[in-house]
2 protein chains.
Amino acid sequence: MIKIIVDVFSGDNPQDLIKGTADAVNACPDVHIIMPGDPEYLEAELADCSFDRSRLEILPASEIIGNDESPTAAMRQKKDSSLVRGATLLKNDPEAGGMISAGSTGAILCCGIFIVGRIRGIDRPALAPLLPTADGGHVCLIDCGANADCRPQYLAQFALLGTGVMQSIYGIEKPRVALVNVGEEDHKGSALTNEAANLIKRMPVNFVGNMEAREALTGRYDVLVCDGFVGNVLLKSIEGTARLYSAKLLEAVRRNAPAGTDLAFVEHSVEDVMENLDYNSRGGAWLLGCNKPIMKIHGAANARTVPHAVRQMRSMILADMVGGISSKLKELSGKR
Amino acid sequence: MIKIIVDVFSGDNPQDLIKGTADAVNACPDVHIIMPGDPEYLEAELADCSFDRSRLEILPASEIIGNDESPTAAMRQKKDSSLVRGATLLKNDPEAGGMISAGSTGAILCCGIFIVGRIRGIDRPALAPLLPTADGGHVCLIDCGANADCRPQYLAQFALLGTGVMQSIYGIEKPRVALVNVGEEDHKGSALTNEAANLIKRMPVNFVGNMEAREALTGRYDVLVCDGFVGNVLLKSIEGTARLYSAKLLEAVRRNAPAGTDLAFVEHSVEDVMENLDYNSRGGAWLLGCNKPIMKIHGAANARTVPHAVRQMRSMILADMVGGISSKLKELSGKR
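Residues numbered from 1 in each chain as written. Chains lettered and ligands numbered in written order. Predicted model: local features only at pLDDT ≥ 70, side-chain atom pairs only at ≥ 80, totals over all residues. Heavy atoms only, no water.

### Overview of the interface of chain B and chain A
Tallying the contact residues gives 50 residues for chain B and 50 residues for chain A. Here chain B and chain A share an interface that buries about 4300 Å² over both sides, 71% of which is from carbon and sulfur atoms. Taken together, the links from chain B to chain A amount to six salt bridges. In this structure, lysine 236 of chain A and glutamate 212 of chain B form a salt bridge, with 2.3 Å as the shortest nitrogen-oxygen distance. Broken down by secondary-structure element, the contributors of at least two residues to the side of chain B that touches chain A are strand S7 (176-181), helix H7 (191-201), helix H8 (228-256) and helix H9 (264-277) of chain B. Broken down by element, the side of chain B that touches chain A gets its largest block of residues, 23 residues, from H8 of chain B. Counted by class, the side of chain B that touches chain A contains 27 nonpolar, 14 polar and nine charged residues. (Contact = heavy atoms within 4.5 Å. Buried area = accessible area lost by both parts, 1.4 Å probe. Salt bridge = Lys/Arg side-chain N within 4 Å of Asp/Glu carboxyl O. Helix = DSSP H or I, 4+ residues; strand = E, 2+ residues; numbered from the N terminus. Nonpolar A, V, L, I, M, F, W, Y, C, P; charged D, E, K, R; others polar.)

Here you go:
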C-alpha cells in the first residue's frame, strides 16, 4: 500500500475536496489515504460517499491554519492543525510516502522546510507547477515563488529537481531543461543566469540552453528553471493574459458574428481552453526539495482535482523521486 | 516645425516604412522629417507617394547596421550608417527633437547611450513599450530588456521616466506607478524590489504599490516598474500566451461548432484581438533616459506604424519630456 496524506481543511471548500478524496481511493486501488482533521466532520461528509473505507484513515486534528495567517507563527502555535499534524506524520511515519495539502503556499513551505526537512544538498526547496503545453504535454516551472532571491547554485539544484519530477510522473527519460532568459544566445542574461548556466552544465541533467519566455508553453522544453521572482511573474502573466484574451475575444466575437448566430459553441470553447490552460484543475504545484514529496493544491480546487493529485503523488512515490535526487547529490558532492 | 529623424533602413522592410513616413508627413502638418539613408533609394521610393515634399529631408548615409551585428562594434565601425548618422544629428542639431528607428534594440541602445548621451541623474536608460490594456488604454512597462541587472535606484529612476511618458503622450496628470512584484503586500518581494519600493516612495511620482503580473494589462496602472529581466519575461510571456491561446481557441471552436457553421467571424475576431494586443502595431518601445527621446519600432513594422510613432514622438517633444525629467532630477539632487 502507498500511504498518502491529504489535508483538505486548509482550503476554501473542504467538502468538495473530501468527496474528491473518496474518488481518489476508488481510482487508486493500491493507495491508502490519511486525512488529518475533525473526525466528526470528516465522517459526516464521507458518509455519503461510496468507496473502500478500509483504505481511508482519519488523523484527528482540531485546528485549521487559515490563508491570512503568518505561516511561521501559525506553524508554531497551531500544533493540532491539520497541516502540522499531516507534516509531522509525514516526517515520522516511514510508511507515509507524501502529502497533498490545500493550505496556503507559505504555510506548506514552512512545514515542508521546518517539519519535513530538506534533502541533504538542496539549499532551498522550490515550488513547481506542471503547466499544460500547446502539444498536450506538460512543462515543470521551477521555482514559481518560494525563493524571490536566488543564488546560482539554487538554480542548478532546481534543474535537478525538475528533471526528477518529469522522469517520475511522465516517464520522460531525459527531460529537456531550459534556463528562462531574455534571449537564446549564451551571452544573454543577468549575472545570476550566466553563473547558473555554467553550474547547470555540470549537473547530470539534459540542459538545452536559454529560453525566451514566449516559448514557455510551446512544448519544446520539459523543465523551465528560474528564480522564484521570475517564475512567479511568468506564471501570473500567463494567467492574466489568458483571462484578458478570453474577455476580449468574446467581445470581438459578439461584435463580428452574423446577426442571430448562437454563440454557445464559442463560449464553450473559451471555457475549454481556459480549463486546459489551468494547471490547478489537473493537480497542483509541487514543493520540491524536501525529504518527502509534498504537493500544494489550489485553495479553491474542486473534487476532480484530488484524484489527479493523488495519481501524480503515487507516481512520485513509486519512482522514489526523493531517493533518486539524494543519490545524485551524493555522487556530485563525492566528485567535488 | 517639429524636427523628427526617422531611420527606416535598419529594419526588415524599409520600402513599407518609407511609404509610412510619407503618410506621417501628411498626418502631422507641423512636423519636419529627416530620413538618413541612401538618397537614390529614398527618392525612388518616395516618387510614388503624394505628400508635402518640403517637409521631408534626406540625410545621406551609405551604410546599414544589420540585426545580427555586434551593436558596439557596428556603432564604432559604421560611421556612415543610417542609425549612426541619425543619432549624431539628434545630438548635434539643437532643432532635432527626437529619433525613431527600426534598428536592433542593441544598436539603438548603444547609439542612445554613447552618441546621444544620458540625462544627468539617470544611471541607465531603459526600454519601455506602451502596452494596450483591457480598458482600451495603455500601460508603460519599464524596463523591458535594456538592463538585466538593476540596482534599486535604477528602478526609482524608471518610475520617474515612465511617469514622464504617460504625462507627455496621454496627458495623464498623475500616472499610477506600480512595482512588479510577487504579491501586493508591502513585505513581499526580493531584496531589489524591497529597496526599490523605499526609493520610489521618495520620488515625485504617484506610487500605488506592488502589483502581481496577472494585473499587468487590466488598466489599473499606468506605469509598471521592474528590472529588464523581469520586464522581458513579462512582455514575452504575454506574447507567447496570446499566440498559444489563439491556436487553442481556433482548434476548440472548430471542434465545437455546429456542422456547416461559417467560422470566418471567429477567425477575424482572433485576428482583431491579436492586433489589439500587439503594441508594435501602434508604435514601438521608447528608449527612455537619453538626452532626447528615441523610439524603436519593430524591424517588421508596417507602413501604418510610422504615423502612430511620429504622432507619439511629436507629443513627447511638445511636452518637453526630457526637460521635465531633468528639472525633477535637479530638484531631487538639490534636496539631498
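### Concerning the pairing of strand S1 (residues 2-7) of chain A
Residues and elements named next belong to chain A. Taken across its six residues, S1 has six buried, putting it largely inside the fold. Burial along S1 is two-sided: the face carrying Ile2, Ile4 and Val6 and the face carrying Lys3, Ile5 and Asp7 are both buried. Two strands pair when backbone bridges link them, and S1 and strand S2 (residues 31-37) are joined in this way by four bridges, in the parallel orientation. Across the sheet, isoleucine 5 pairs through a bridge with isoleucine 34, a residue of S2. (Buried < 20%, exposed > 50% of the residue type's maximum accessible area, 1.4 Å probe, protein only. Pairing = 2+ DSSP bridges.)

### Notes on the sheet that holds strand S6 (residues 138-142) of chain B
Residue and element names in this part refer to chain B. With mixed pairing, the eleven strands of this open sheet are ordered in space as S3-S2-S1-S4-S11-S10-S5-S6-S9-S7-S8. The sheet is open, and its two edges are formed by strand S3 (56-60) and strand S8 (206-212), each paired on a single side. On average, each strand axis in the sheet is inclined to that of its neighbour by 25°, with strand direction left out of account. Pairing geometry for S7 and S8, over six bridges, is parallel. Residue pairing in the sheet places valine 177 in a bridge with phenylalanine 207 of S8. (Axes fitted to C-alpha atoms, helices over the stretch in contact; angles between N-to-C directions.)

### Concerning the relation of the copies chain B and chain A
Least-squares fitting of chain B to chain A yields an RMSD of 0.0 Å, with the superposition described by an axial translation of 0.0 Å and a rotation of 180°. Taken together, the rotation and translation relating the two chain copies correspond to the operation of a two-fold axis. Taken together, the interface assignments show that 100% of the residues at the interface of chain B recur at the interface of chain A, consistent with an identical surface on both copies. (Least-squares fit on C-alpha atoms with pLDDT ≥ 70 in both.)

### With respect to the nonpolar core
Leu224 of chain A together with Leu224 of chain B are the most contacted members of the largest nonpolar core, which has 118 residues in total. Residues within four places of leucine 224 of chain B in sequence aside, it is in contact with Val139, Cys140, Leu141, Ile142, Ala178, Val180, Met211 and Ala216 of chain B. (Core = buried A, V, L, I, M, F, W, Y, C linked by side-chain atoms within 4.5 Å.)

### Some words on the sheet that holds strand S7 (residues 176-181) of chain A
As a general point, the strands of a sheet are linked pairwise by backbone hydrogen bonds and lie either parallel or antiparallel. Residue and element names in this part refer to chain A. Here we have eleven strands laid out as an open sheet, ordered S3-S2-S1-S4-S11-S10-S5-S6-S9-S7-S8, and mixed in their pairing. Looking along the sheet, the strands with just one partner apiece sit at the ends: strand S3 (56-60) and strand S8 (206-212). Each strand of the sheet is rotated relative to its neighbour by a mean of 25°, with strand direction disregarded. The pairing of strand S5 (residues 126-132) with strand S10 (residues 285-288) spans four bridges and is antiparallel. Bridged to leucine 127 within S10 is leucine 287. The sheet contacts of helix H6 (residues 152-170) involve S5, strand S6 (138-142), S7, strand S9 (223-225) and S10, and relative to S6 the element is tilted by about 150°.

### A short note on the packing of helix H9 (residues 264-277) of chain A against H8 of chain B
Packing of H9 of chain A against H8 of chain B brings their axes to within 9 Å, and their N-to-C directions diverge by 130°. Classified by the angle their axes make, H9 of chain A and H8 of chain B are oblique. The way H9 of chain A lies across H8 of chain B gives a crossing that is right-handed. When H9 of chain A is examined against H8 of chain B, the residues Phe265, His268, Ser269, Val270, Asp272, Val273, Met274 and Leu277 of chain A are found in contact with a partner set consisting of Leu244, Tyr245, Lys248, Leu249, Ala252, Val253, Arg255 and Asn256 of chain B. For the contact of H9 of chain A with H8 of chain B, the class distribution of residues is ten nonpolar, three polar and three charged. (Parallel < 35°, antiparallel > 145°, perpendicular 65-115°, else oblique. Left-handed = near helix turned anticlockwise from the far one by under 90°.)

### What to know about the pattern of salt bridges
Tallied over the entire structure, the rule returns 38 salt bridges over all chains. The closest approach of N and O atoms between aspartate 52 of chain A and arginine 55 of chain A, which form a salt bridge, is 3.0 Å. As a salt-bridge pair, glutamate 267 of chain A and arginine 254 of chain A come within 3.5 Å of each other at their nearest N and O atoms. Residue glutamate 267 of chain A is located in helix H9, and its partner arginine 254 of chain A is located in helix H8 (residues 228-256); the two are separated by 13 residues in the primary sequence. One network of salt bridges, with partners in common, ties together Glu212 and Arg214 of chain A together with Lys236, Glu239 and Arg243 of chain B.

### Considerations on the environment of threonine 72 of chain A
If you trace the backbone, threonine 72 of chain A turns up in helix H3 (residues 71-77). Along the primary structure threonine 72 of chain A and glycine 162 of chain A are separated by 90 residues, whereas in three dimensions their C-alpha atoms are 26 Å apart.

### Some points on unusual backbone geometry
Residues and elements named next belong to chain A. For the bond from isoleucine 142 to aspartate 143, the omega torsion is 5°, close enough to zero to count as cis. As for its placement among the helices and strands, aspartate 143 is situated in the loop between S6 and H6. Although it is not a glycine, aspartate 320 sits at a positive phi angle of roughly 50°. By the secondary structure assignment, aspartate 320 is in the loop between helix H10 (305-318) and helix H11 (321-335). Its relative accessible area of 46% is what places aspartate 320 among the partly exposed residues.

### A short note on helix H2 (residues 39-46) of chain A
Residue and element names in this part refer to chain A. The complete set of buried residues in H2 reads Leu42, Glu45 and Leu46. Down the axis of H2, the sector holding all buried residues measures 95°, keeping them to one side. More than 90 degrees from the buried face of H2, the exposed residues found are Glu40 and Ala44. The secondary structure elements touched by the buried residues of H2 are helix H1 (14-27), S2 and S3. By the N-cap criterion, in which a side-chain oxygen at the helix start approaches the backbone nitrogen of a residue two or three places on, H2 is capped by aspartate 38, the distance to glutamate 40 being 3.1 Å. (Arc of directions from axis to C-beta. Polar contact = N/O pair within 3.5 Å; in protein donor to acceptor, adjacent residues only side chain to side chain.)

### Considering the environment of glycine 112 of chain B
All names here are of chain B. For glycine 112, the location among the structural elements is in helix H5 (residues 105-116). For glycine 112, a relative accessible area of 1% puts it in the buried group. When the C-alpha positions of glycine 112 and alanine 134 are compared, they lie 32 Å apart, and in sequence the two are 22 residues distant. Those residues in contact with glycine 112, other than ones at most four positions away along the chain, are Gly117, Leu287, Cys290 and Ile294.

### So, H6 of chain A
For H6 of chain A, built from 19 residues, the straight-helix expectation of 27 Å at 1.5 Å per residue is met to within 8% by its first-to-last C-alpha distance of 27 Å. Positioned one or two residues after H6 of chain A, glycine 171 of chain A has a phi angle of 65°, which is positive. (Expected span 1.5 Å × (residues − 1).)

### So, the pairing of S7 of chain A
Residues and elements named next belong to chain A. Along S7, five of the six residues are buried, which leaves the element largely enclosed by surrounding structure. Read as a crossover between parallel neighbours, the route from S7 over helix H7 (residues 191-201) to S8 is right-handed. For S7 and S9, the ladder comprises three bridges, and the chain directions are parallel. Bridged to leucine 179 within S9 is valine 225. (Right-handed = clockwise from strand over helix to strand, strands pointing away.)

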